[in-house]
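Take a look at the letters that make up each chain.
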Amino acid sequence: MPTDVLRRVQPGPAERLSGLVRDALQAGAGLRQRLRGPGRPGLTAVLCACCAPPLRAIHFLTGHCFGTGVSSLQRAAHPTSDSQDGAMNSNLEQATQVESAQGPPDATGPDTPRRHLRGISEIRSFFRTNTEPVFFVGPTAFNLLGIDRWVRNFEYVVYYDSWEGAHPRVFAPSHRPYVEFQSVEEINNYLLRDPECHAYMTRHGRTPKVALVFLDEETERICEELGYELILPPDSLRRHLDSKIVTTKLGNEAGAPSVPNILGQADSWEQLRSQAEDAGLGTDLVVQTPYGDSGKTTFFVKSEDDWDAHAEDMVGQDLKIMKRINNRAAAVEAVNTRHGTVVGPFMTDLTGYPELTPYKGGWCGNDLYPEALTEAHRATAIEHVRRLGDRLRQEGYKGFFEVDVLVDVDTDEVYLGELNPRISGASSMTNVTAGAYADIPLFLFHLLEYMDVDYDLDVKEINERWRDLAAVDVWSQLIIKFTDDRVERLLAAPRTGIWQLHDDGSLAFRHVSNDWHELTDADECFFLRVYAAGDYQFKGADLGVLVTKGRMQSYAEGAELTPRSRRYIDGIRQQYQAEAVPEPPSVLPLSYVK
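Procedures and definitions
Residues numbered from 1 in each chain as written. Predicted model: local features only at pLDDT ≥ 70, side-chain atom pairs only at ≥ 80, totals over all residues. Heavy atoms only, no water. Salt bridge = Lys/Arg side-chain N within 4 Å of Asp/Glu carboxyl O. Axes fitted to C-alpha atoms, helices over the stretch in contact; angles between N-to-C directions. Helix = DSSP H or I, 4+ residues; strand = E, 2+ residues; numbered from the N terminus. Parallel < 35°, antiparallel > 145°, perpendicular 65-115°, else oblique. Contact = heavy atoms within 4.5 Å. Buried < 20%, exposed > 50% of the residue type's maximum accessible area, 1.4 Å probe, protein only. Pairing = 2+ DSSP bridges. Arc of directions from axis to C-beta. Phe/Tyr/Trp six-rings, centres within 6.5 Å; stacked < 30°, edge-to-face > 60°. Lys NZ or Arg CZ within 6 Å of the ring centre and 35° of its normal.

**Observations concerning the pattern of salt bridges**
Inference 1: Enumeration according to the criterion identifies 35 salt bridges in this entry.
Inference 2: Counted as one network, the salt bridges with shared partners bring together Arg114, Arg338, Glu449, Asp452 and Asp454.

Encoded structure:
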């Protein structure tokens, strides 16, 4: 699920926490000191920000975004307004309230019998009455938006609040000090450490369960120190499996083949060409490095000039060297459960459209529709994903993952593409399909693996039902980026909510909405805004996500955007107003990962 987001926040409230939060921080063995101790740059680094160093840009969609503010020294030098203090106090009060209906934490002990759920109906009821606090933490709520409809006590802790406080399940800290975030992991770690977020997440007295798109070893340490339960596979395992080289090897072992390839290294065009020809791959090649988004780490090489253009990214790297095929790509998400691998619906990728992204080969949306794959291709692809999932389980991996599959249009072969061992940018589509409403959203199968319950599940039956239901559902999403090579300050931006496309091509705002579940036809869409007035837009920055019930891509004469898709793109872009910046801040786009 994705580069980059930039935001300059004006000076926040003075550094004085209410007694409620101070008590929360002092609880336990020196929590306040641990938050400020060595190896905790998210809070201490802000003291060095007075010189306003170059700003960093980070993609938001699968967890990439950027935030700025002021250090504690700067806040002391710039007292805040009453409205800013009021906003912070309001958040603190909200974060420390305990819902009376929840009651005290459940009484459990070593003799408490473990609950056993029998079938989908009991699983659905279990989540509707869930008492365990579950949080999705990230720059925005995009990836798992709408899961709160299914899981009681499921909430979002975010850096960017697209609803400006209007969404009842979205919480954002009221002030964000200046930090040069250089990865989405740093953003997530900042949110986990933030005192307001901590008070909010622990207000019920129960152990918070935490899901994220990206994490690192620091994330794991923070969760252990603060008493959060991280409901994801270990970071070390995720990083190991995220390698395209490892995915290829595991897929081969499981009987899920990749596009014809060899694995190796090359220091020159002659060496690359010689290896490829000896393996029967020809000289029209696709070369991938192990880590990173395919839009940035996939290179099309068929001449020495192509090699020279990308040599610095390939020399010294382990390479996956593939025959270039005429393919159609599809994405699918799955969950590795104790009972087998549940495979979600397939959707086609939108990639490289200059109307949406400045990056050739960059992901910019998905279409989920019955003809995304033929029945034969879908059956083969499901088997590939199931086999890969079973092999991942042998590695100790459980839970959510995303896979790209490639259909060779010329030979009709179906190949395993990339593996994303995590929640992804396609999760937004997966969780609103007909299969989700017939059973439960795919992400809930992931949650089951991390809840203190046993459960029965007929995975084969679910996979067959979801395959049949794939023939009746249509959903699409567009990831809209700023494509011009300039930096501007926004004066106006579209609101988050439902928009209507009229017959004359104009796009009008209808009403605020919490998510896209209520959409009914192709002429209305949900737009999730990232940037507001005062933020910056620059090349590659994500402006927002547009979700609708109609197709966004057609294959009449090769892949192309539909006329309706172009009207949506034009309509949303017209809602933005911006001004030139005489001395624009420095921006450094980081790798985007779907």
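Still more to cover.
**Some details on the packing of helix H7 (residues 184-193) against helix H9 (residues 217-226)**
Inference 1: Contact geometry for H7 and H9: axes closest at 10 Å, N-to-C directions at 10°. The angle between H7 and H9 falls in the class roughly parallel. Of H9, the residues touching H7 (which contributes Asn189, Leu192 and Arg193) are Glu218, Thr219, Ile222, Cys223 and Leu226.

**Let's talk about the pairing of strand S23 (residues 542-548)**
Inference 1: Of all 7 residues in S23, 7 are buried; the element is thus mostly enclosed.
Inference 2: As paired strands, strand S17 (residues 475-481) and S23 are joined by 6 bridges and run antiparallel to one another. Across the sheet, Ile479 pairs through a bridge with Val545, a residue of S23.
Inference 3: The pairing of strand S21 (residues 524-529) with S23 spans 5 bridges and is antiparallel. Each bridged residue has a counterpart across the sheet, and for Phe527 the counterpart in S23 is Leu546.

**Section: the pairing of S17**
Inference 1: Buried residues dominate S17, accounting for 7 of its 7 residues.
Inference 2: Where strand S13 (residues 363-368) lies against S17, 4 bridges are found, and the strand directions are antiparallel. When the bridges of S17 are listed, Asn366 appears paired with Gln477.

**Remarks on helix H19 (residues 459-469)**
Inference 1: Every buried residue of H19 is accounted for by Val459, Ile462, Asn463 and Trp466. When H19 is viewed along its axis, its buried side chains cluster within an angular range of 100° and face the same direction. The outward face of H19, more than 90 degrees from its buried face, is lined by the exposed residues Lys460 and Asp468.
Inference 2: Buried residues along H19 sit in contact with helix H6 (120-128), strand S11 (327-337), strand S12 (340-351), helix H17 (434-438) and helix H18 (442-449).

**Thoughts on the environment of Leu419**
Inference 1: Relative to the helices and strands, Leu419 resides in strand S15 (residues 414-420).
Inference 2: On a C-alpha basis, the gap between Leu419 and Gly251 in space is 9.8 Å, while along the polypeptide they are 168 residues apart.
Inference 3: In contact with Leu419, other than residues within four places in its own chain, are Leu241, Asp242, Thr247, Leu388, Leu392, Phe401, Glu402 and Val403.

**Section: the packing of aromatic side chains**
Here a ring pair, both rings aromatic, is described through the centre-centre distance and the interplanar angle of the planes.
Inference 1: Per the stated rule, a full pass over the model turns up 14 aromatic pairs.
Inference 2: Between Tyr397 and Phe401, the ring centres sit 6.4 Å apart and the planes meet at 80°, which makes this aromatic pair edge-to-face.
Inference 3: With a relative accessible area of 2%, Tyr397 lands in the buried category.
Inference 4: Members of the aromatic cluster, each reached through a chain of ring pairs, are Phe154, Tyr156, Phe400 and Phe443.
Inference 5: Sitting over the face of the ring of Tyr555, Arg328 holds its NZ or CZ atom 3.8 Å from the ring centroid.
Inference 6: One Lys or Arg, Lys398, reaches over the ring of Tyr450 and ends 4.5 Å from the middle of that ring.

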